Amino acid sequence: MIVGVLAIQGSFEEHKSALVKMNIDVCEVRAKKDLKKCDALIMPGGESTTIDKLLKIYGLDKEIISRVKGGMPIYGTCAGAILLAKKIEDNHGVEGLKLMDISISRNAYGRQLDSFETEIDFEGQRAEAVFIRAPKILQTGAGVEILAKYNNEPVLVKQNNMLAGTFHPELTNGKAIYEYFLAMNGGAKHF
Ligand code: GLN
């Protein structure tokens, strides 16, 4: 089982180290050939505008869409979650991959609360969550399961083989969300 980390821009190094600590084989994904080696993909936080543009230039957007439609598990964190959404409010040019039945708003916590750290409930346990110029998930379609909330708003959601979270699991020590992702559906048989 090899987990790909989209390594175009953003906090991919941190995701890699978190996975390596869990003894997971990791592959940096910058090109289509990298993605072919992977059984799952994490899209990190960063700047969705930049990642979106480069995904297209590298031709990775179509490849990711087709792999996800074929069952590959994908986890988008923060900017990565923005890229998964079918609808991005005030998108400022970000088109994204339009895969998940959610609408999301960029930089939605406003200036004062640009970044903060808190705890959320995830599967009956407390998990640390770091929000950095985070988006908000405004709406979720019928097939979308809400796995965690902050202030009664969804911050971690799942639809089939897709997971989207508005915070950064790679910046805390908790492994629970990675473990959940690694055990997800399509990829489960590999573990
Ligand atoms: N504000 C960024 C964006 O809109 C996301 C921030 C992040 O990924 N930490 O792309």
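Look above for the structure.
Owing to the predicted nature of the structure, the values given are computational and were not obtained by experimental measurement. (Residues numbered from 1 in each chain as written. Predicted model: local features only at pLDDT ≥ 70, side-chain atom pairs only at ≥ 80, totals over all residues. Heavy atoms only, no water.)

Novice: What's the story with the site of the ligand in this structure? I'm lost.
Specialist: In the vicinity of the ligand, the contacting residues are Gly45, Gly46, Glu47, Ser48, Cys78, Ala79, Ile82, Arg106, Asn107, Ile132, Arg133 and His168. In the model, an oxygen atom of the ligand is placed 2.8 Å from a nitrogen or oxygen of the Gly46 main chain. Residue Ala79 places a main-chain N or O atom 3.0 Å away from an oxygen atom belonging to the ligand. Notes on the ligand: free accessible area 300 Å², of which the protein chains cover 97%. Looking at side-chain class alone, the shell around the ligand contains four nonpolar, five polar and three charged residues. (Near = heavy atom within 4 Å. Polar contact = N/O pair within 3.5 Å; in protein donor to acceptor, adjacent residues only side chain to side chain. Areas by Shrake-Rupley, 256 points an atom, 1.4 Å probe, with all protein chains shown as cover. Nonpolar A, V, L, I, M, F, W, Y, C, P; charged D, E, K, R; others polar.)

Novice: Honestly, the sheet that holds strand β10 (residues 145-150) in this entry has me stumped. Any pointers?
Specialist: Neighbouring strands of a sheet are bound in pairs by backbone hydrogen bonds; such pairs are parallel or else antiparallel. One open sheet accounts for seven strands, arranged β2-β1-β3-β4-β12-β11-β10; its pairing is mixed. The open sheet terminates on both sides in strands that have one partner only, identified here as β2 (25-29) and β10. Neighbouring strand axes in the sheet, compared pairwise and without regard to direction, differ in orientation by 20° on average. (Pairing = 2+ DSSP bridges. Helix = DSSP H or I, 4+ residues; strand = E, 2+ residues; numbered from the N terminus. Axes fitted to C-alpha atoms, helices over the stretch in contact; angles between N-to-C directions.)

Novice: For this particular structure, what's the right way to read the pairing of strand β7 (residues 115-122)?
Specialist: In summary, the side chains of a regular strand alternate between the two faces of the sheet. Pairing geometry for β7 and strand β8 (residues 125-132), over eight bridges, is antiparallel. By the bridge assignment, Ile120 is partnered in β8 with Ala127. A loop of two residues connects β7 with β8, the two strands running antiparallel in sequence, and Glu123 in this loop sits at a positive phi of about 50°.

Novice: What's the story with the pattern of salt bridges in this structure? I'm lost.
Specialist: For side chains of opposite charge, pairing can occur when their charged atoms come near one another. The final tally for this structure, using the stated rule, is 13 salt bridges. Between Glu28 and Arg30 there is a salt bridge, with its nearest N and O atoms 2.6 Å apart. The exposure class assigned to Glu28 is partly exposed, which follows from its relative accessible area of 23%. Of the charged contacts, one joins Glu95 and Lys56 as a salt bridge, the two residues approaching to 3.6 Å between their closest N and O atoms. Here Lys56 lies in helix α3 (residues 48-57) and Glu95 lies in the loop between β5 (85-89) and β6 (100-105), a separation of 39 residues in the sequence. Judged by its relative accessible area of 47%, Glu95 is partly exposed. Using a relative accessible area of 33% as the deciding quantity, one classes Lys56 as partly exposed. Counted as one network, the salt bridges with shared partners bring together Glu13, Lys16, Glu28 and Arg30. (Salt bridge = Lys/Arg side-chain N within 4 Å of Asp/Glu carboxyl O. Buried < 20%, exposed > 50% of the residue type's maximum accessible area, 1.4 Å probe, protein only.)

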